[in-house]
Amino acid sequence: MTDLPEVRGALTPDRDLSSLTWLRVGGPADWLFQPADADDLRDFLKALDPAIPVFPMGVGSNLIVRDGGIRAVVIRLGRGFNGIEIDGDRVTAGAAALDAHVARKAAAEGLDLTFLRTIPGAIGGAVRMNAGCYGTYTADVFEQATAITRAGEAVTLTADDLNFAYRQTDLPEGMVITSATFRAPKGDPAELEAKMADQLARRDASQPTKDRTAGSTFRNPAGFSSTGRADDTHELKAWKIIEEAGFRGFRHGGAQMSEKHPNFLTNADGATAAELEELGEMVREKVFQTRGISLVWEVIRVGEPVSN
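Model, not experiment: these values are computed from the prediction. Every chain's residues receive numbers from 1 upward, in the order its sequence appears when written. Only residues with pLDDT of at least 70 get local features here, since the model is predicted, and only at 80 or more are side-chain atom pairs given and counted; chain-wide, interface and lining totals rely on the full set of residues. By convention in this description, side-chain values take in all heavy atoms of the structure and omit both hydrogens and water.

### What about the overall build of the chain?
Counting its secondary structure elements, the chain contains eight helices and 17 strands. All radius of gyration figures rest on C-alpha atoms, and the globule criterion is 2.2 Å times the number of residues raised to 0.38. What you see for the chain is a C-alpha radius of gyration of 19 Å, in line with the 19 Å of a compact globule of 308 residues. With an accessible surface of roughly 14200 Å², the chain has 46% of that area assigned to carbon and sulfur atoms. Charged side chains of the chain number 34 positive and 44 negative; the gap between the two group centres comes to 4 Å. Numbered from the N terminus, helices here are DSSP runs of H or I no shorter than four residues, and strands are runs of E no shorter than two. All accessible areas in this document rest on Shrake-Rupley with a 1.4 Å probe, and a residue is counted as covered only by the protein chains that are shown. Charged residues are defined narrowly, with Lys and Arg counted positive, Asp and Glu counted negative, and His plus the chain ends left uncounted. A charge is said to be at NZ when it belongs to Lys, at CZ for Arg, at CG for Asp and at CD for Glu.

Below, the structure written as structure tokens:
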């Protein structure tokens, strides 16, 4: 894979991806493309051989790249895609804008996107995964998104196109979200700031925010995220089921299920991607044996293992 279209952004061969993931694991991508802007991305995809796969990558907060790397062009959006604009009750954010930054900027303008404040990652991933917490999901405020298809065509996506569900959408393979527009409820800026501060404190008290993780490892079998309400039940929450299976703090090589929150897979001591994925599968197997529940990965796993 050497004959690729010319670009205005950066196109890097054999780019190690471990430094770009929160878990700090993973082998190289055949190519890493960081487009200068939407036109650069569109022109590149239009000219790229259709046989060459592409993989859109966000900030790596919800990703395990396997040790053998990715046989594709990995597309990672940067500065040309991180703007945030507010018009009335509409917030339009580039796909590379961090969720936390969008929440804070919206709050300063009296718009409530506070649920985004504690979600790791960027807006493109939030849309793709229908990210949510405290009883609110991206789908609840989503109006539309702009994207570029694998063939290099610019399109507008509605909620019907994406078919939002718990932690998933029907985003077509290879399509790259470039921005999204949300309609946010109004609120008092000071109250919204206080709400976010409370959410951060609660997150830091219950989650291993200082460890190398990829956020929640498995989807809640209950089919919804934590609501934060006093009546929220933990019976079918992934962390509770994993704890009951005996995996709180469990180690496998350099990988560990967090002592603080059992649904967080952590790189505790120089773990490989294989060790992280193996530990996750050990958890899934034990939970199925003991509870008959098939835990579904929330962390995205891509690439190939190291060949023997």
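### Describing the pattern of salt bridges
When a carboxyl oxygen of Asp or Glu lies within 4 Å of a side-chain nitrogen of Lys or Arg, that pair is called a salt bridge. Applying the stated criterion across every chain yields a total of 18 salt bridges. Between Glu-277 and Arg-66 there is a salt bridge, with the nearest N and O atoms lying 2.9 Å from each other. Taken together, the residues Glu-277 in helix H8 (residues 273-291) and Arg-66 in the loop between strand E4 (63-65) and strand E5 (70-76) connect sequence positions 211 residues apart. The pair Glu-277 / Arg-66 is uniform in exposure class, with both members buried. One network of salt bridges, with partners in common, ties together Arg-66, Glu-277, Glu-281, Arg-284 and Arg-301. Accessibility here uses a 1.4 Å probe with only protein chains present; expressed as a share of the type maximum, an area under 20% marks a residue as buried, one over 50% as exposed, and anything in between as partly exposed.

### Some thoughts on the packing of aromatic side chains
Only Phe, Tyr and Trp rings take part, Trp by its six-membered ring, and two of them pair if their centres are within 6.5 Å. Stacked means planes under 30 degrees apart, edge-to-face means over 60, and tilted covers everything else. Counted under the stated rule, the structure contains four aromatic pairs. For the ring pair Phe-33 and Phe-44, a centre distance of 4.3 Å and an interplane angle of 35 degrees mean the geometry is tilted. In this pair, Phe-33 is assigned in strand E2 (residues 28-34) and Phe-44 in helix H1 (residues 38-47), connecting sequence segments 11 residues apart. Take Phe-33 and Phe-44: they sit in the same class, and that class is buried. Taking the centre distance of 5.1 Å and the plane angle of 70 degrees together, the rings of Phe-142 and Phe-164 count as edge-to-face. Placement of Phe-142 in strand E10 (residues 142-148) and of Phe-164 in the loop between helix H5 (159-162) and strand E12 (176-183) is noted, with a sequence separation of 22 residues between them. The buried category is assigned to Phe-142, whose relative accessible area is 10%.

### Side note on the nonpolar core
Formed by 50 residues in total, the largest nonpolar core has its most connected members in Val-73, Ile-75, Val-102, Leu-113, Leu-116, Ile-123 and Val-127. Only heavy atoms enter the contact rule, under which two residues are in contact if any of them lie within 4.5 Å. In this structure Ile-123 touches Ala-93, Gly-94, Ala-95, Ala-97, Asp-99, Val-102, Leu-116, Ala-180 and Phe-182, once residues within four positions along its chain are discounted. Here, nonpolar core means buried Ala, Val, Leu, Ile, Met, Phe, Trp, Tyr and Cys residues that are tied together by side-chain atoms lying within 4.5 Å of each other.

### Notes on the sheet that holds E12
Within the open sheet, the five strands sit side by side as E6-E7-E12-E10-E11. Their pairing is antiparallel. Whereas interior strands pair on both sides, the edge strands pair on one side only; in this sheet they are strand E6 (84-87) and strand E11 (154-157). Strand-to-strand, the axes of this sheet are offset by a mean angle of 15 degrees, without reference to chain direction. DSSP calls a pair of strands paired once it identifies at least 2 bridges connecting them. Examined bridge by bridge, strand E7 (residues 90-94) and E12 share five bridges and lie antiparallel to one another. Of the residues in E12, the one forming a bridge with Val-91 is Phe-182. Axis lines are fitted to C-alpha atoms, over the contacting stretch for helices. Their N-to-C directions set the angle, which ranges from 0 to 180 degrees. Packed on one face of the sheet, H1 meets E10, E11 and E12 and runs near 55 degrees to E10. In the packing of helix H2 (residues 99-108) onto the sheet, contacts are made with E6 and E7, and the angle to E6 comes to roughly 30 degrees.

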